[in-house]
Each structure stands twice: as C-alpha cells, then as structure tokens.
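As a plain string of letters, each chain reads:
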Amino acid sequence: MKKIHFILILNSIILFSCKTNKETEMAITSSYTINLDSVSSVILMFITFKFSDIYSTVKAIIPDNQKVLLNEITKLLIFQERLFILDTKANALYSFDLNGSFINQIGSLGPGPEEYATCTDFTIDTDKKEILILDSMLKKIFKYNPINGKFIGSFHFDNRCNIDKINYYKKHLYGTKASFTSLSAPDTAMVYQLDVTSGNLKNTWLNNQKHNKGWQGEYSRHNLFYPTTDKCLFTMGFMNTIMQITNNELTPYITLESKNLVTENDINPMKELESY
C-alpha cells in the first residue's frame, strides 16, 4: 500500500528547520529535495529521537472542565501567557491560563453584529494583538481582544475565497480549505492571501487538480499551516511538496521523491468511494 506519513515528516522539518542561502532559486525549484527511497529502512530502525534533546522541561496542562466542558481540542495557540483552545464541536473559542484554569470565552454565537454564526477557525494577529475568528458561513472575520474577549470589529472577506482554515503571518492573512467538494471549480486555489484589514483578495496559489492530484475529499480537520521562526510552512493531502511563505510569496521549500508516493491513479478509486 502506497503511503507517506507527511505529518511526521513535516513535524521533523519544523523542529530542525534552518535558514538557506538559496533564496534566488525558490521561484524555480525547491530549496531541498528529499529522496525517500535513498534512506535505508535499516538505518531508520536505529534512529533514536528524544524530545529531551530539544526541550529542557515538559509541563502537562489539564484544562479545567468545571466552568466549560471541552468536547474536543481542534486547535491550540499560546499567546500572552494564555492558552487559546478552539472547540469546533461546541462552536467556541476558550481562554485558559498556563495552569489550565478557565479565564473566558472569546466571542459567542448569535445573530448580533458582534456575534458569529459559526466559529470555524481562529488565528492571532501578533502585531495588533487581536484574536481573529473565521466565520466560514458568513464569510467574515471577527476581531476580539485576547485579554478581555471584547469585540473589536469585523470585516467580510472576498466572496471568491472558499476557506475553512486561516493563519496570520507577517501582516497578512492566509486561508485554505481542508476539503474540496465535487462542486468546486477545476481551477480552485488551495491557498489564498487576504488583506488583514479589508479582507480583499491579494493572491492565490496552487491549483487543487494539479498540486493535490485531484483529491477533493477532506484531508484534515486540524491545522494545515505550520509557522516556524523564519517562515510559515504549508502542505496538504497528497502534495509532494512542502511549501513556504516568505516575503509574501508561496514557494516550494522541500520536494519529496519516491516511487511509493501516491499517484492520481491511486486516488481515483478512493474518489469513487467518496461519492457514495
């Protein structure tokens, strides 16, 4: 069975990501190419990876469920000594301190001008120090104060952007969609760049049919953007390339090569099953 564990590979890349001097080549080729077939399986069996090599201490935090019942932790971000936990089953975003004590809820469901219809995803504008909540139903971004949870403002984003995942990175908002329905246009983009103030569409990248081998089913309900110290990485589904956001551009960062990578011929039977 053809299978490549992209998440494990990507996590390793994030942990050990380093700067490269090949900036001028990024628009043409990837900064790195990894041939997975050249790595001996015997060598892999003896590779030992210890988190103690990276982290000096580890702290387990149990969120307090007495004041709020968490259904699931869809996404977690740490900002200003607080844990912000998205629970999409409850359609809510909660704030906890670093000991796990509940502080408050950020925004709320409702029909009012300060309320969202669905809490699809969130990110943090670290420059303006604002929580940005994505309402994919209303195609709207709601802004809240991360400390007291008070409403700051909102804006509609470009109607052409079909997104359910967002990430703030260096004064821009980036969006993607974890799945593409059969009703999606053939030239559906995978990554959108939005103005973080107006919601205007500034750039689109990656054709779904070309870069995701035509797969239109759901790939992940969780995050697809992976910020590091000097770049933001992005990959999805059956892509062979891990992309990077640098200088307001999306360019190839790492290309994976293997005779066992999933092909479009492998995906076609799965697409037929998904239609049932």
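Quantities reported herein were computed from a predicted structural model and do not represent experimental measurements. (Residues numbered from 1 in each chain as written. Predicted model: local features only at pLDDT ≥ 70, side-chain atom pairs only at ≥ 80, totals over all residues. Heavy atoms only, no water.)

### Let's talk about the environment of G175
And step 1. Tracing the chain through its elements places G175 in strand β11 (residues 172-176).
And step 2. It is 5.7 Å that separates the C-alpha atoms of G175 and I163, two residues lying twelve residues apart in sequence.
And step 3. With residues near it in sequence (within four places) discarded, G175 still touches I163, K165, I166, M190, V191, Y192 and F225. (Helix = DSSP H or I, 4+ residues; strand = E, 2+ residues; numbered from the N terminus. Contact = heavy atoms within 4.5 Å.)

### What to know about the layout of surface pockets
And step 1. Looking at the largest pocket, its volume works out to about 820 Å³.
And step 2. What lines the largest pocket is a set of 25 residues, and nearest its centre among them are L76, L77, I78, N223 and P227.
And step 3. The element that contributes the greatest number of residues to the lining of the largest pocket is strand β2 (residues 75-79), accounting for five residues. (1 Å grid on protein atoms, 1.4 Å probe; cavity = no way out; pocket = protein on both sides within 12 Å on 5 of 7 lines; lining within 4 Å. Points joined across faces, edges and corners; volume = space filled by probe spheres on them.)

### Comments concerning unusual backbone geometry
And step 1. Phi angles above zero are rare outside glycine, and N91 is one such case at about 55°.
And step 2. Position of N91 among the secondary structure elements: in the loop between β3 (82-87) and β4 (92-97).
And step 3. Backbone geometry at K171 places phi at a positive 70°, although glycine is not the residue there.
And step 4. Secondary-structure assignment places K171 in the loop between β10 (165-169) and β11.
And step 5. Its relative accessible area of 55% is what places K171 among the exposed residues. (Buried < 20%, exposed > 50% of the residue type's maximum accessible area, 1.4 Å probe, protein only.)

### Describing the packing of aromatic side chains
Each aromatic ring pair is described using two quantities: the centre-to-centre distance and the angle formed by the ring planes.
And step 1. On inspection of all chains with the given rule, the structure shows nine aromatic pairs.
And step 2. Where Y116 meets F142, the ring centres are 6.2 Å apart and the plane angle is 70°; that geometry is what we call edge-to-face. Placement of the pair is Y116 in the loop between β5 (102-105) and β6 (121-125) and F142 in strand β8 (residues 140-144), with a sequence separation of 26 residues. Each of the two residues, Y116 as well as F142, counts as buried.
And step 3. Taking the centre distance of 6.3 Å and the plane angle of 25° together, the rings of Y174 and W205 count as stacked. Linking Y174 in strand β11 with W205 in strand β13 (residues 201-207), this pair joins segments that are 31 residues apart in sequence. (Phe/Tyr/Trp six-rings, centres within 6.5 Å; stacked < 30°, edge-to-face > 60°.)

Fair warning: the whole summary comes from geometry, so function is off the table for now.
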